[in-house]
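Inside the fold
Read off the chains here:
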Amino acid sequence: MAAMSTVQKSGVAALECQDLRVTLVGAAGAVDILRGVDLAVQPGEFVSILGPSGSGKTTLLRVLGGLQSIAGGEARCNGTAVSGPPDGVVTVFQDYSNSLLPWRSVRRNVALGIESNCSKQECRERVEAALAMVNLQASADEYPWRLSGGMQQRVQIARALAMRPSVLLMDEPFGALDAMTKASLQDQLQRVQEATGTTVVFVTHDVEEAVYLSDRVVVLAGKPASVGLSLDVDLGRPRDQITTKERPDYLQLRHQVYAALGHEVPR
Amino acid sequence: MTRALLRRVNVLGLLTLLGFFLLWELLVRTGILRFEYLPAPSGVLTAGADLVSSGELPTNLGHTLEATVAGWLLATVVGVLLGTLMALVRPVWVYSMASIDALRSLPIVAFVPVAVLLLGFTTQMEIVVAFYAAVWPVLLNTVAGLRAVHPRLIEVGRVLRVDGVRELWKLRLPAATPYIVTGMRLGLAVSLVLILVAEMVGNPSGVGFALISASQSLQPEVMFAYIVTVSLSGIVLNALLVGLVSIVFRGQMAAAGEK
Amino acid sequence: MSADAATTPLTPKESAGTTAARAKRRRGGAPLRGLLPLVLGLVLWQVLAPAQSPYFPAPSEWGRALLPLVKDGSLLTAIGWSFLTFVLGLLLATVVGAAIGALIGANRTVDRALGPTLESLRVLPAAALVPLATLVLGYSMQMKLLVVVLPATWPILLSVRTARRSLSPVLMDMSRTLGLGRGERVRKILIPALTPSMLLGIRIAAPLALIITLLVEIVTRINGLGGLLGFAQASFLTAQVYGLLVIAGALGFLVNWAVTHAEHAVSMRMTGGAAD
């Protein structure tokens, strides 16, 4: 909540990278993954990051989330350099099964981040509110491994929401889910974001998903990667799976993103 | 309901076991199987009943089990503490693991004579032996369990600001619990065996000593009775541990497929 | 009984992407620097031990105390007896364990029928059997072997049973369509297919067999290294006890090293390292 108020200061980007360089040590020695990345995410903005596999989308997200150290340039959150997970920034991982504690019920998983610094009463209220946002009240006392993949991912999202984050970093959160589940979670995420005003940075490899959800789509390109395309998505809100995706400007944006990703456009 | 129960109980297997005992009884009675000191199962049963009613068996069994559990509990506490230290503080691991590997390759039974020499024929000696036997599996499984914690879980902890002691208590130790429990179960089994050895060569009390004196007074039925009860106690202790654990750490054990 | 446990910590499942370098480092085990506390402890012991200490004689005394045993050849004889018992016991356990394991792994009904009987044999603590075995079989090699074989059989039996169960039926059908006879099927298909699991069982059974060998010897003082240990303890030859302990440790280390490397070498050849 404290984080919420600091974000509201106008002019300061919620997240910002300047001339960012990241080096990862792999089997073949140190390799530059990202070089010269410039990116600014405004408070309340929904930004998707796209790029071919191995282009460093996840790495960029880990830098913003304070989970990955940088080799050069700058990464700032609300104006201060990132070192370790910044206040008010919470990451949601793709692999929900490894991210949830199998020995805790859904309710206690959601409470994990807040139980130590809230009163019992407040903790309970925040957990209930978070569960309500993702429609999971009915499964609150189940163990996560008894739930479907989509439900498990909702638990992880609820756990992040219970922290009342100012920024939500999501690493291909719906990547492992089937198409139907994915669509319903996308709409749920939209509603939550509208209601809370949370800044979202959303890594995905699904072009339609990126365009459908975002205020802006950023495509990483090159090796080492930098920002190849930054495209504003002026589709207005609310959006829905049928009419929004039939709009000519949606199709036009989708076309542009595919092209930026290097897909041949047939004449 | 009864049919489901019947299917779960291995009737065929139990019948085979019963048949095995009947065959044994028959062979001994008819004198086909002739060892000087092989009693029939019926003889073992009467001997066992006598031992129970005289109070001899409960006293000895109680002594052995008390010493085992005492040493094993101590080993669990020490093993988990040291294992945690070794798994989390890298230099401690680097500067001790090889020593532990070396000590571990000493066959555990060979320590019984040393313990008898140093501590004499005492119950403390037995507890020390049980402790020594159980501490290795607990320690090593704690180390292995903590090192096997998925890195994602630790990242989740960082993201949700669960750090320091809370990280250990809420993430790492619960994740390692199935490993630690396995170590405890192994430790319990080994302690019980080693306690028996200690009682046979050292302390004149408990089941081990009773076995030796029954051997010297040529009472094979008594020995069989003791062997059966000590085996059963091993099973019961293990079952108690598993049952207790699956209640206390319900989520962990079920998630690890141990339920 | 499952003293096998003590020597085989539960290892976490290796992730699929283990690089060769990491595998090598792991096989090497913990860094040798880790021996420092042990060495330091022994040095301190040597320096601080009072002369003629009845409980903690200095390490240099240990060697001296072993000298008479070396001179009259009794140490070598003892090691020979222990080793013979160990090897014969392990061999018998392998034959019995693999045979029963393959049998009950092949047939669910047989498995269910024998299950409780085998299970109740399994829970017998090896130590408790010693006095009984001496009473029935006397202080003999048969007695030693019986006590060693019984517990050492289980790891092999269980490992082979699991492998036999999961053996693809296609493999057996295939051999039948190729017209292989019964004997040939066993020799050319079954035995090679079950060998890795048998070796895995042996790797766990070997240290166990050694421990039980020493256990029988310590309790009965019949012969062997354990017998010497028992005598030294009963005669309060403390330094000799420590010396023999070190020798037992060396033997244990040797056995561990040998079975681990043998198993690895064979499974590498048979599966091209895929099982590793």
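Residues numbered from 1 in each chain as written. Chains lettered and ligands numbered in written order. Predicted model: local features only at pLDDT ≥ 70, side-chain atom pairs only at ≥ 80, totals over all residues. Heavy atoms only, no water.

Judged by how many residues are buried, helix 9 (residues 151–159) of chain B sits mostly within the fold: 7 of 9 residues are covered. Of the residues flanking the end of helix 9 of chain B, it is B:Arg161, one or two places downstream, whose phi is positive at about 60°. (Buried < 20%, exposed > 50% of the residue type's maximum accessible area, 1.4 Å probe, protein only. Helix = DSSP H or I, 4+ residues; strand = E, 2+ residues; numbered from the N terminus.)

Here the focus is the UniProt feature "transmembrane region" (unreviewed entry) in chain B. The positions that UniProt labels "transmembrane region" (unreviewed entry) are, in the present scheme, residues 12–32, 69–89, 101–121, 127–149 and 223–249 of chain B. Structurally, residues 69–89 of chain B comprises 95% helix and 0% strand, and the distance from its first C-alpha atom to its last is 30 Å. (UniProt positions renumbered as here; feature names shortened; annotations may be inferred.)

With that settled, consider the pattern of salt bridges. Inspection of the entire model under this criterion finds 24 salt bridges over all chains. Residue A:Glu128 pairs with A:Arg107 through a salt bridge whose shortest N-O separation is 2.3 Å. Residue A:Glu128 is found in helix 5 (residues 120–133), and its partner A:Arg107 is found in helix 4 (residues 106–111); the two are separated by 21 residues along the sequence. A salt bridge links B:Arg166 to B:Asp163; its shortest N-O distance comes to 3.9 Å. Given a relative accessible area of 28%, B:Arg166 falls into the partly exposed group. If you follow the salt bridges from partner to partner, you end up with A:Arg62, A:Asp95, B:Arg152 and B:Glu155 in one network. (Salt bridge = Lys/Arg side-chain N within 4 Å of Asp/Glu carboxyl O.)

Turning our attention to the confidence of the model for chain A. Scored by pLDDT, chain A comes out at a mean of 87, with 95% of its residues at no less than 70. Per-element confidence in chain A ranges from a low mean pLDDT of 40 for helix 1 (residues 2–7) of chain A to a high of 94 for strand 8 (residues 199–203) of chain A. (pLDDT = per-residue confidence, 0-100.)

Before going further, it helps to spend a moment on the UniProt feature "domain: ABC transmembrane type-1" (unreviewed entry) in chain B. Mapped onto this numbering, the UniProt entry gives "domain: ABC transmembrane type-1" (unreviewed entry) at residues 61–241 of chain B. Along residues 61–241 of chain B one finds 85% helix and 0% strand; the C-alpha atoms at either end are 18 Å apart.

So, on to the interface of chain B and chain C. Tallying the contact residues gives 61 residues for chain B and 59 residues for chain C. When chain B packs against chain C, the two sides together hide about 5,200 Å² of surface, and 78% of this comes from carbon and sulfur. For chain B, the biggest contributors to the area lost against chain C are B:Tyr95, B:Leu117 and B:Leu118; these three give 12% of the whole. Where chain B touches chain C, the interface holds 0 salt bridges. At the surface where chain B touches chain C, the tally comes to 4 residue pairs in polar contact (both at pLDDT 80 or more). For the side of chain B that touches chain C, the secondary structure elements donating two or more residues are helix 2 (11–30), helix 5 (90–94), helix 6 (97–104), helix 7 (111–119), helix 8 (123–147), helix 10 (165–201), helix 11 (206–216) and helix 12 (220–248) of chain B. It is helix 10 of chain B that contributes the most residues to the side of chain B that touches chain C, 10 residues altogether. (Contact = heavy atoms within 4.5 Å. Buried area = accessible area lost by both parts, 1.4 Å probe. Polar contact = N/O pair within 3.5 Å; in protein donor to acceptor, adjacent residues only side chain to side chain.)

This brings us to the sheet that holds strand 1 (residues 15–26) of chain A. All names here are of chain A. Pairing within the open sheet is antiparallel, and its 4 strands lie in the order 2-1-4-5. Each edge of the open sheet is held by one strand with a lone partner, namely strand 2 (29–41) and strand 5 (80–81). The sheet contacts of helix 2 (residues 57–64) involve strand 1, strand 2 and strand 4 (72–77), and relative to strand 1 the element is tilted by about 120°. (Pairing = 2+ DSSP bridges. Axes fitted to C-alpha atoms, helices over the stretch in contact; angles between N-to-C directions.)

On to the packing of helix 2 of chain B against helix 6 (residues 108–122) of chain C, then. At a minimum axis separation of 7 Å, helix 2 of chain B and helix 6 of chain C run at an interaxial angle of 55°. On the basis of their axis angle, the class for helix 2 of chain B and helix 6 of chain C is oblique. Here the hand of the crossing between helix 2 of chain B and helix 6 of chain C comes out right-handed. Packed against helix 2 of chain B, whose contacting residues are B:Leu12, B:Gly13, B:Leu14, B:Thr16, B:Leu17 and B:Phe20, the element helix 6 of chain C presents C:Thr109, C:Arg112, C:Ala113, C:Leu114, C:Pro116, C:Thr117 and C:Ser120 at the interface. (Parallel < 35°, antiparallel > 145°, perpendicular 65-115°, else oblique. Left-handed = near helix turned anticlockwise from the far one by under 90°.)

Residue and element names in this part refer to chain A. Ordered in space as 6-7-8-3-9-10, the 6 strands form an open sheet in which the pairing is mixed. The sheet is open, and its two borders are formed by strand 6 (89–92) and strand 10 (226–232), each paired with just one other strand. Here the average twist between neighbouring strands, direction ignored, is 20°. Packed onto the sheet, helix 6 (residues 149–162) meets strand 6 and strand 7 (167–171) and runs at close to 175° relative to strand 6.

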